[in-house]
Amino acid sequence: MYCTFTCVLQEYSKKSQTRVSLQTLTRSARGEFLTKNASQARNTFSSKQQASPEVLMHSANFIRHEMPIRLARRIKDLDNVPYLKDMSSVQAVKDIYISSFLTLVREPLIDSNVREALFARKLDVLYERHSSVLVQMAKGAYELKDKIRQHQISELDTECFEHMNECHAFLDRFYISRIGIRVLAGHYLALRSRAMEGYVGLIYQYTSPYEIVKQAVADASYMCENRFGAFPEVKIQGRLDLTFAYIPTQLHYIVLELLKNAMRATCEHHGSNPRKWPPIEVVIADGQSNEDVVIKISDEGGGIPRSNRSKIWSYLFTTADPSIQDTLMKMGQAQPPVDHSVNAPLAGLGYGLPISKSYAKYFGGDVSLQSMEGYGSDAYIHLRRLGDSLEPLPM
């Protein structure tokens, strides 16, 4: 049995992955790849309607083919990453991936509406099972740091932990791949539901950065108030009327993480009196000839020491109080928290910034940071406005 599993895993891990873009996902959902007349498919598709049975079967078979390949590569990676592979949280994630891989490779060709519906039910269960993977992996990094701190791994010390390049590169690959897996599965499952106006699966054709920022401000303010008893004002300016095709949940996560950091820095730098807290400023920029939609988030939270700037994009670095991390670890022992919950602390396991960057890079964008120690920081979100960038899938 072990030999059979190992051989199958090896076979799938060597297969080529198929990269997608926002445009590919949209066109596929409209049925453009099922007909020679793509313009007719575009014109007849209504985002208010559930996708056609032919589109759903086509999408289901693509996932049935593609997902095991991506899972197999990550299982192999989980087997080989030094030190992290021995952490209990990481082993639990590997078990989830193996279980999902075995479920999907056993699926027969989806050639009927009945089989497609059964496949969707199975995929929905897998989708939920993976919902806490991001937090579980972050806990794995915490477990490794804790073992190093307690001198249980003799060849490592806490000074070198944040510079473990091989572990960081592994986590980069893992999270980018995970974003892709979640997008493919979530998009297909969304196509099976009667969508709200303007949606094609997960993709909203009229995503408004202004509306996303407003919601993220409300969420970050709620979290900040829980921690500090109040929250700084946020001023929004620029292209408030701008809309473009994007996945709103991904943009919300990116903006929320950067606002959380800006609010926390502002509160901690300026003391306990909210009247002394300067506002955070958000600027939304775009032009018809621009490659990107750009969002800038500026704070006067004291900036980042130069010695920490090379670390802020590391999954292994956090400035959060160790007691907060300890609390998160204990909370997750009974039931792991779901990723991206607004009930999470304002700062915690240290994956906020690097994951934000991964989300932006997934469809051709980026997140960057300029900081002036003693004054504040400017964070820039770049989003590819055309939606034609293919996933940067890891090997």
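Residues numbered from 1 in each chain as written. Predicted model: local features only at pLDDT ≥ 70, side-chain atom pairs only at ≥ 80, totals over all residues. Heavy atoms only, no water.

1. Things to note about the pairing of strand E6 (residues 292-299)
Logical step 1: Counting buried residues along E6, seven of its eight residues qualify, which places the element largely inside the surrounding structure.
Logical step 2: In the sheet, strand E5 (residues 280-285) pairs with E6 via five bridges, with the strands oriented antiparallel. Across the sheet, the residue bridging to Val282 is Ile297, located in E6.
Logical step 3: Here eight bridges tie E6 to strand E8 (residues 376-384), and the two strands are oriented antiparallel to one another. Note that in E8 the partner of Ile297 across the bridge is Ala379. (Buried < 20%, exposed > 50% of the residue type's maximum accessible area, 1.4 Å probe, protein only. Helix = DSSP H or I, 4+ residues; strand = E, 2+ residues; numbered from the N terminus. Pairing = 2+ DSSP bridges.)

2. Here we look at the pairing of E5
Logical step 1: Residues Ile280, Val282 and Ile284 of E5 are buried on one face, while the alternating residues Glu281, Val283 and Ala285, pointing to the opposite face, are not.
Logical step 2: Relative to E5, strand E3 (residues 234-238) runs parallel, the two being bridged by five bridges. Each residue of the ladder has a partner; that of Ile236, found in E5, is Val282.

3. Section: the sheet that holds E6
Logical step 1: Ordered by their spatial adjacency, five strands build an open sheet running E3-E5-E6-E8-E7, and the pairing between neighbours is mixed. With one partner strand each, in any of the chains shown, E3 and strand E7 (366-372) form the two edges of the open sheet. Each neighbouring strand pair of the sheet contributes to a mean axis angle of 15°, computed without reference to strand direction.
Logical step 2: Across the face of the sheet, helix H13 (residues 352-362) comes into contact with E7 and E8 while running at roughly 135° to E7. (Axes fitted to C-alpha atoms, helices over the stretch in contact; angles between N-to-C directions. Contact = heavy atoms within 4.5 Å.)

4. With respect to helix H4 (residues 53-80)
Logical step 1: Taking 1.5 Å per residue as the helical rise, H4 with its 28 residues ought to reach 40 Å, and the 41 Å between its terminal C-alpha atoms agrees with that figure.
Logical step 2: By the largest-angle criterion, Glu66 marks the main kink of H4, which is about 25°, and a proline, Pro68, follows within four residues. (Expected span 1.5 Å × (residues − 1). Bend = angle between axes of the 7 residues up to and from the residue.)

5. Regarding the nonpolar core
Logical step 1: Core analysis: the largest hydrophobic core is formed by 106 residues, its most contacted members being Met137, Leu259 and Ile297.
Logical step 2: For this core, the element with the highest residue contribution is helix H9 (residues 165-191), accounting for 13 residues.
Logical step 3: Beyond its immediate sequence surroundings of up to four residues, Ile297 is in contact with Val255, Leu258, Leu259, Ala262, Ile280, Glu281, Val282, Ser377, Asp378, Ala379 and Ile381. (Core = buried A, V, L, I, M, F, W, Y, C linked by side-chain atoms within 4.5 Å.)

6. Section: the pattern of salt bridges
Logical step 1: Inspection of the entire model under this criterion finds 18 salt bridges.
Logical step 2: The partner of Glu11 in a salt bridge is Lys15, with the nearest N and O atoms 4.0 Å apart.
Logical step 3: Linking Arg115 and Asp111 is a salt bridge whose minimum nitrogen-to-oxygen distance equals 3.4 Å.
Logical step 4: Accessibility expressed as a relative area gives 36% for Arg115, which makes it partly exposed.
Logical step 5: Residues participating in the shared-partner salt-bridge network are Glu66, Arg70 and Glu391. (Salt bridge = Lys/Arg side-chain N within 4 Å of Asp/Glu carboxyl O.)

7. Structural notes on the sheet that holds strand E4 (residues 244-246)
To summarise the sheet geometry, strands pair through backbone hydrogen bonds and adopt either a parallel or an antiparallel arrangement.
Logical step 1: Pairing within the open sheet is antiparallel, and its three strands lie in the order E1-E2-E4. Bordering the open sheet on either side are strand E1 (199-200) and E4, each of which pairs with just one other strand.
Logical step 2: Of the pairings in the sheet, the one linking strand E2 (residues 203-207) to E4 comprises two bridges and is antiparallel in character. Within E4, the residue paired with Thr207 across the bridge is Phe244.

8. Comments concerning the side chain of Ser377
Logical step 1: Counting through the fold element by element, Ser377 comes out in strand E8.
Logical step 2: On the basis of relative accessible area, Ser377 is assigned to the buried category, the value being 9%.
Logical step 3: A distance of 3.0 Å separates a polar atom in the side chain of Ser377 from a polar atom in the side chain of Ser371.
Logical step 4: Sequence-distant contacts of Ser377, that is, excluding residues within four places in its chain, are made with Ile297, Ser298, Asp299, Gly303, Ile304, Leu369, Gln370 and Ser371. (Polar contact = N/O pair within 3.5 Å; in protein donor to acceptor, adjacent residues only side chain to side chain.)

9. Some thoughts on the packing of H9 against H13
In a pair of packed helices, the angle between the axes and the distance between the axes together describe the arrangement.
Logical step 1: Packing of H9 against H13 brings their axes to within 10 Å, and their N-to-C directions diverge by 55°. With respect to H13, the axis of H9 lies oblique. Where H9 crosses over H13, the handedness of that crossing is right-handed. Judged by residue contacts, Asp172, Tyr175, Ile176, Ile179, Gly180 and Val183 of H9 engage Ile355, Ser358, Tyr359 and Tyr362 from H13. (Parallel < 35°, antiparallel > 145°, perpendicular 65-115°, else oblique. Left-handed = near helix turned anticlockwise from the far one by under 90°.)

10. As for helix H11 (residues 248-269)
Logical step 1: Relative to the 32 Å expected for 22 residues at 1.5 Å per residue, H11 spans 31 Å between its end C-alpha atoms, a close match to the ideal helical length.
Logical step 2: Counting buried residues in H11 gives 17 out of 22 residues, a clear majority hidden from the surface.
Logical step 3: Immediately downstream of H11, the backbone of Gly271 shows phi near 85°, a positive value.

11. Brief notes about the side chain of Ser221
Logical step 1: You can see Ser221 is positioned in helix H10 (residues 209-228).
Logical step 2: With a relative accessible area of 7%, Ser221 lands in the buried category.
Logical step 3: When near neighbours in sequence (up to four residues on either side) are disregarded, Ser221 contacts Phe231 and Met263.

12. Observations regarding the environment of Ile297
Logical step 1: Its location among the elements puts Ile297 in strand E6.
Logical step 2: Spatially, the C-alpha atoms of Ile297 and Ala379 are 5.1 Å apart, while their sequence positions differ by 82 residues.

13. Quick notes on the packing of aromatic side chains
Logical step 1: Per the counting criterion, the structure on display carries twelve aromatic pairs.
Logical step 2: Between Tyr199 and Tyr204, the ring centres sit 4.7 Å apart and the planes meet at 25°, which makes this aromatic pair stacked.
Logical step 3: Centroid distance Tyr362 to Phe363: 4.4 Å. Interplanar angle 70°. Geometry classified as edge-to-face. Taken individually, Tyr362 and Phe363 each receive the classification buried, so the pair is uniform in this respect.
Logical step 4: Pairwise contacts between aromatic rings join Tyr97, Phe170, Phe174, Tyr175 and Tyr315 into one cluster. (Phe/Tyr/Trp six-rings, centres within 6.5 Å; stacked < 30°, edge-to-face > 60°.)

Purely geometric numbers; function is a separate question.
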